[in-house]
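This is what each chain is made of:
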Amino acid sequence: MSTDVTSHRDDPAMTITIARSERRQSLWAQTAAMSSRSITAFLRQPALVVPSLVFPLFFAALGTSSFSQAIDLPGFPPVQSFLDFALAGTIIQGVLFGSITGATALATDIDNGFFDRLLTTPTSRSSILIGRLAGAMAFGGVQTIIFIAVLLPFGLRIQSGVLGAAVMVLGGVLTALAVGALLSIMALRTGSPEAVQGSFPLLFVLLFFSSAFFPRQTMTGVYRRLADANPISYLVEAFRDLTIEALSLGAVVRLMVISGLAALVTVTMALRALNRRLVKP
Amino acid sequence: MTTATGPGADDAPIQAEGLVRTFGSGELAVRAVDGVDLRVGAGEVFGFLGPNGAGKSTTVRMLTTLLRPTAGTARVAGYDVVSEADQVRRSIGVALQDAAIDPLMTGIELLRLQAVLYGVERSQQKRRAGELLERVGLSAAGDRRVGTYSGGMRRRLDLALSLIHEPSVLFLDEPTTGLDPMSRMTLWEEIQRLNDDGTTVLLTTQYLEEADQLADRIAIIDGGRIVREGDPAALKAEVGAPTLFIDVDATRTDEARAVLAAFGDPRPTAEGTLGVGLTAGAAEVSAVIRALDEAGIAVERLELSEPSLNDVFAEATGYRLEGAETGGAATDEP
Amino acid sequence: MTVERLDDTAMAAGTASTTAVPRGVGSGALVASALGLAVRNLRNIRRLPSAFLPALMMPLVQSIAFSGTFFAITQVPGFPTDRSINWFMPLAVVMGASFAGIGIGFSTVRDLESGFYDRLRMAPVSRRALLLGPLFGVWVRTLILMVIVIGTGLALGARLTGGLFGLAALIVVGLGVSVVGTGWGLGLAYRFGDMRASAFMQLGLFLALFLTSAQAPLSIMTGWLYYVARVNPFTPVIDLARIGFVEPGTVERPWVGLVALVLLAAVAMGFADRGLRRLSR
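Residues numbered from 1 in each chain as written. Chains lettered and ligands numbered in written order. Predicted model: local features only at pLDDT ≥ 70, side-chain atom pairs only at ≥ 80, totals over all residues.

1. A short note on the overall build of chain B
Stage number 1. When its secondary structure is counted, chain B shows 11 helices and 13 strands.
Stage number 2. Taken over the C-alpha atoms alone, chain B extends approximately 80 × 45 × 45 Å along its principal axes.
Stage number 3. Relative to its full complement of 334 residues, chain B shows a buried share of 50%. (Helix = DSSP H or I, 4+ residues; strand = E, 2+ residues; numbered from the N terminus. Buried ≥ 20, exposed ≤ 12 C-beta atoms within 10 Å, placed from the backbone.)

This is the structure we're talking about:
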C-alpha cells in the first residue's frame, strides 16, 4: 500500500518545502514522546512485566536441572552445561512474553479510541507505531541483559565474551522489534486486546516446534523437518552460537542479519496494516 | 421514628433487630449497616430507600442469607437468617440487582435449574417453568439464550426465577433500575399482582416514584441507619411545606438566598437552583416574587412542587434523588 | 436522627413466629442439584467453546511438542522408557486434567462477578451440591480430554507397557488431579471473587506440576530440582500416572502416589469448602 498519510493536506508542495527539516526533527520528538509513554506503560504494569522475566528463567532453571545429562547425547553441540545451551531459548521466550504487553497496549488504544485520538493529532502516523514498538525494543534489550546477569552466577558462560554479549543485547532489541511488529499487525487488524493475547499460545507453540529448547540435531521425522523450516530455529541458534562458541565475525553477522531481516519484514507489514487502517478505518 | 407494633406485628415475615455489618477490621473497618431495625408485616410492600452506599444492599444481603450480620438478629418468614438459613432460603424469592443471569443459558434452562435447586418435583418442573414464563410474558423467548434478552426481559425472567417455589416473601433489589418506562410499568403491575395474592414484598429502589407507587410503607436508610420510616403519605405530610424552586442570575445567587430565607428553610436542590420550603404554604409564592423584585433580582425560572417523597428523602439524607445520579453519593456498596 | 429501638415485648414475641409457612416445595436433593449444575457446566462446552477448546488443545499440543522437542531425552542412560511420547503423554494428561479443574474456577469467577453465584448461594441446597456439581462437570470434561489425548498418544506410537492396569492408573490419576484443580480453582475464586484469582490458579498449578519429575525422572536429575521434586507430593502422583507407560518396576511405590493423590484432592476440596463458607462471612 502506498498511501501517503499526509497527502490530504491542502497544498502538499508547500508543506513539504517548509516542513521537511522541521518534520524530521519533530518525527524524532514525537517518536521519543510515544516511546517514553510505552516504556512508562511497561514499568507501570509489573504484573505483565514480571512474568516475562520470571517464566523464561524458571524454564531455564528447570531444564538445567532436568536435562543436565542430556548434553552428552549424540547431536548435542559441545557445551559446558545445559544452561549455556538454554540461554538463547530463554531470551526468545522472554521477548515473546514481553512483546505481548506492548501489542496488547496498542490494541487497547485502538479499542478504547485513544488510537483514533492520536490519529487526529498532527503526530506522524508511523511515529505512533514505532513509538509503541520502541518500548518493546528497549524492554527486549533490558530482558537480554537481565537474563545474562541473573544466569551468570549460576554457571552461565558466554564464550564470545563481553562483546558477544553486547551483540546479543542488540539482537534482543531487534528480535523484540520483529515480534512486536508481528503482534502489532494483529492489533491493527483486529483492534482487540483479546485477539492479541489469544495469539500468544500460537507463538509459544511455534517456539516449541523449533530448536529453542533442544537441538534440532536430536530430533527426528516430521518434527525435525518442522523445526528445520521454522525461522525461529535459526534466530535461536544465532544467539546460541554467540553463547557457546568463541566470538567470530560470522556469528555476529548471522545474528544481526537474521534478527534485522525479521524486523524489517514485520515492520514493513505492520506499517502496511497501519496504512490500511487509515484508508478504511 | 417508632415502628408500628399493632396486632399481628409478631408474625411479621421480616424482622430485624439491631442489625450491624462491618467490612474490614481494625482502623479500616467500615460500618456499612449500623444498627438497623426493620419490621415488615405480612402482605405489605415495603420500600427500602437510600443513596448509593447507604447500606441498602448490605441489609438485603443479610436478610437473604448471603451475608452474615456482624451483630443483631434477623428473622425472615419466621426463621433466623443465620441458624435457619436453609428454611429462610426455602421461603424467600429474590430478584437481584442487575438481574444477574447466566447469559449462556436459555430462559427455560434457567427456570428448570432453579426448579431443581428448589426441589420442585421432576414431573412438575416443566409445567412450572412454562407457567412462569407465561406469567411474565416470555413464553415466546423461553428457548432463546438470555444473552439475547433486552433489559426488561431479563428483569421479568429474574422475577419468574424468584417465584419458582411460590415464596411467601419476595425481595426485589432495584428491580427496575435502567429500564424504560414501559418495562417498568409492566414490572410494577406484576409486583402489584403478586402482592394482591398475599406475597410480602421488600423492595429497594433508587426511584422514589416507584416507592410512591408500590410501597405501603417505606424506610429511608442513610449512613447505615434508618433515618425515616412510615407510610409515604404521613412522611410527606411531615415534611409539610411545598418547595419553591427558583433559578436566578448566577451572580446574584447569594442575595437571592438571603431573600428566600425569610420564607422558610432552604431545601437541597440541583446545582444552580435555589429551593425553599414555604412555611406558609403555596400562597406565599407571589410574596416571594415581590421580595425578589424589590431586591432587583430577576427570576429566570420558577417551579412550585407539592411535598413529595423526594422532599422527604432530601430532608432526611441531604440528597436529592432524581433518577439515580446524584452528586456526592457515587460510591457503590461493597 | 437516630433509630429508635423496637419495643422489647414485641421483639420477644416476634422470635416465636412461624406464620409464613413456605408454600414452596423443599430443598433440592444433593445429587439432583449437583447434576443440574453439572449439566449447566457441560452445556457450556458447546456454548462457550472458546473456553473448552484451548483446555483440550493444550494437552494435545503439549504431548506432541514435548515428545518431539525432547525426543532424544530417553537416550540418557537410566531413562525408564525409550519412547518420548510414553514419557510426556501421561504428563500432558495430568496437566490437562488439572487445568480442566481450574477451568471451573474461571467460570465461577464469572458467576461471582455477574452476581449469578448469589442466586446459587440463595438456593436451599446443601453447600456440597455447589462443589460437587461443577466437579461432575469437570469429570466429564476430563474424560473427554483423556480419550482424545490418550488416543492421540497411542496413535503417535505410545506403547502401553503396563497393560490395562496401567491405563486404569492413568485414568484414576487424571480424575484425581481434576479434583485437585477444581478445589484449588474454586477456593481461589471464592477468596478473590474476581479475575485476579485466575493468575494464582494457573501459577500455583503450573509450579506444583513442573517442580516434579515432569520433565525427567528423579534418577537423572541434578541440583536443586531434585531436592524439591523429591518432596513434592505431585511427583509420586505423576509417577503413578506414568506407571503403564514406563519399564515395569520403575515406579517403586505406586501406593504413595495414590495416597498423595487422595490427600491432595481432600485438601483442595477442603480449601474450596472453606472458601465457599467465607463468602457469607
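2. A few points about the overall build of chain A
Stage number 1. A tally of helices and strands in chain A yields 11 helices and 0 strands.
Stage number 2. The helix and strand sequence of chain A, counted from the amino end, reads α-α-α-α-α-α-α-α-α-α-α.
Stage number 3. Within chain A, the fraction of its 281 residues that count as buried is 43%.

3. What to know about the arrangement of the chains
Stage number 1. Most contacts, among the 2 pairs of chains that meet, fall between chains B and C.
Stage number 2. Contact between chain A and chain B is absent, and the minimum C-alpha spacing across the pair is 20 Å. (Contact = placed C-beta atoms within 7 Å.)

4. Description of the packing of helix 6 (residues 127–155) of chain C against helix 7 (residues 163–192) of chain C
Residue and element names in this part refer to chain C.
Stage number 1. Running from amino to carboxyl end, helix 6 crosses helix 7 at an angle of 140 degrees, the nearest separation of the two axes being 9 Å. In terms of axis orientation, helix 6 runs oblique to helix 7. Like other packed secondary-structure pairs, helix 6 and helix 7 cross with a definite hand, here right-handed. Taking contact as the criterion, the partners of L131, P134, L135, V138, W139, T142 and M146 in helix 6 are, on helix 7, I171, G174, L175, S178, V179, T182 and L186.
Stage number 2. Considering only residue class, the contact of helix 6 with helix 7 consists of 10 nonpolar, 4 polar and no charged. (Axes fitted to C-alpha atoms, helices over the stretch in contact; angles between N-to-C directions. Parallel < 35°, antiparallel > 145°, perpendicular 65-115°, else oblique. Left-handed = near helix turned anticlockwise from the far one by under 90°. Nonpolar A, V, L, I, M, F, W, Y, C, P; charged D, E, K, R; others polar.)

5. Brief notes about helix 11 (residues 254–278) of chain C
Residue and element names in this part refer to chain C.
Stage number 1. Its 25 residues give helix 11 an end-to-end C-alpha distance of 36 Å, which sits within 8% of 36 Å, the value for a rise of 1.5 Å per residue.
Stage number 2. Of the residues making up helix 11, those classed as buried are G257, A260, L261, L264, A265, A268, M269, A272 and L276.
Stage number 3. Looking at the buried side of helix 11, the elements it contacts are helix 6, helix 7 and helix 10 (234–241). (Expected span 1.5 Å × (residues − 1).)

6. A word on the environment of I246(B)
Residue and element names in this part refer to chain B.
Stage number 1. Considering the arrangement of structural elements, one finds I246 in strand 11 (residues 243–248).
Stage number 2. We classify I246 as buried; it has 25 C-beta atoms within 10 Å.
Stage number 3. Spatially, the C-alpha atoms of I246 and T269 are 9.9 Å apart, while their sequence positions differ by 23 residues.
Stage number 4. Setting aside its immediate chain neighbours within four residues, I246 contacts A256, L274, V299 and L302.

7. Notes on the environment of A212(A)
Residue and element names in this part refer to chain A.
Stage number 1. Position of A212 relative to the elements: it lies in the loop between helix 8 (200–208) and helix 9 (221–229).
Stage number 2. Looking at A212, the number of C-beta atoms within 10 Å reads 28, which means it is buried.
Stage number 3. C-alpha of A212 to C-alpha of L152: the two residues are 60 residues apart in sequence and 19 Å apart in space.
Stage number 4. Each residue touching A212, except ones within four places of it in the same chain, is listed here: G89, I92, L207, I232 and V236.

8. As for helix 10 (residues 231–244) of chain A
Stage number 1. Between its first and last C-alpha atoms helix 10 of chain A spans 20 Å; for 14 residues at 1.5 Å apiece the expected length is 20 Å, and the two agree.
Stage number 2. Taken as a whole, helix 10 of chain A has its buried residues at I232(A), L235(A), V236(A), E237(A), A238(A), F239(A), R240(A), D241(A), L242(A), T243(A) and I244(A).

9. Looking at the pairing of strand 3 (residues 45–49) of chain B
All names here are of chain B.
Stage number 1. Counting buried positions over the 5 residues of strand 3 gives 5, a clear majority of the element.
Stage number 2. Neither face of strand 3 is left uncovered, since the one carrying V45, G47 and L49 and the one carrying F46 and F48 both have all their residues buried.
Stage number 3. Here 5 bridges tie strand 3 to strand 8 (residues 200–205), and the two strands are oriented parallel to one another. Across the sheet, residue V45 finds its bridge partner in strand 8, namely V201.
Stage number 4. Relative to strand 9 (residues 217–222), strand 3 runs parallel, the two sharing 4 bridges. In the strand pairing of strand 9, F48 is matched with A219. (Pairing = 2+ DSSP bridges.)

10. Focus: the sheet that holds strand 4 (residues 71–76) of chain B
Residues and elements named next belong to chain B.
Stage number 1. Taken together, 4 strands build an open sheet; the order of strands is 2-1-4-5 and the sheet is antiparallel. Taken across any chain shown, the strands that pair with only one partner, and hence form the sheet edges, are strand 2 (30–40) and strand 5 (79–80).
Stage number 2. By the bridge criterion, 8 bridges tie strand 1 (residues 14–23) to strand 2 in an arrangement that is antiparallel. By the bridge assignment, Q15 is partnered in strand 2 with R39.

11. Notes on the sheet that holds strand 12 (residues 274–277) of chain B
Residue and element names in this part refer to chain B.
Stage number 1. With antiparallel pairing, 3 strands are arranged side by side in an open sheet as 12-11-13. Whereas interior strands pair on both sides, the edge strands pair on one side only; in this sheet they are strand 12 and strand 13 (299–305). Strand-to-strand twist across the sheet, computed as the mean angle between neighbouring axes with direction ignored, equals 20 degrees.
Stage number 2. By the bridge criterion, 4 bridges tie strand 11 to strand 12 in an arrangement that is antiparallel. Residue pairing in the sheet places L244 in a bridge with V276 of strand 12.
Stage number 3. The strands touched by helix 9 (residues 253–260) within the sheet are strand 11 and strand 12, with strand 12 carrying the most contacts at an inclination of about 5 degrees.

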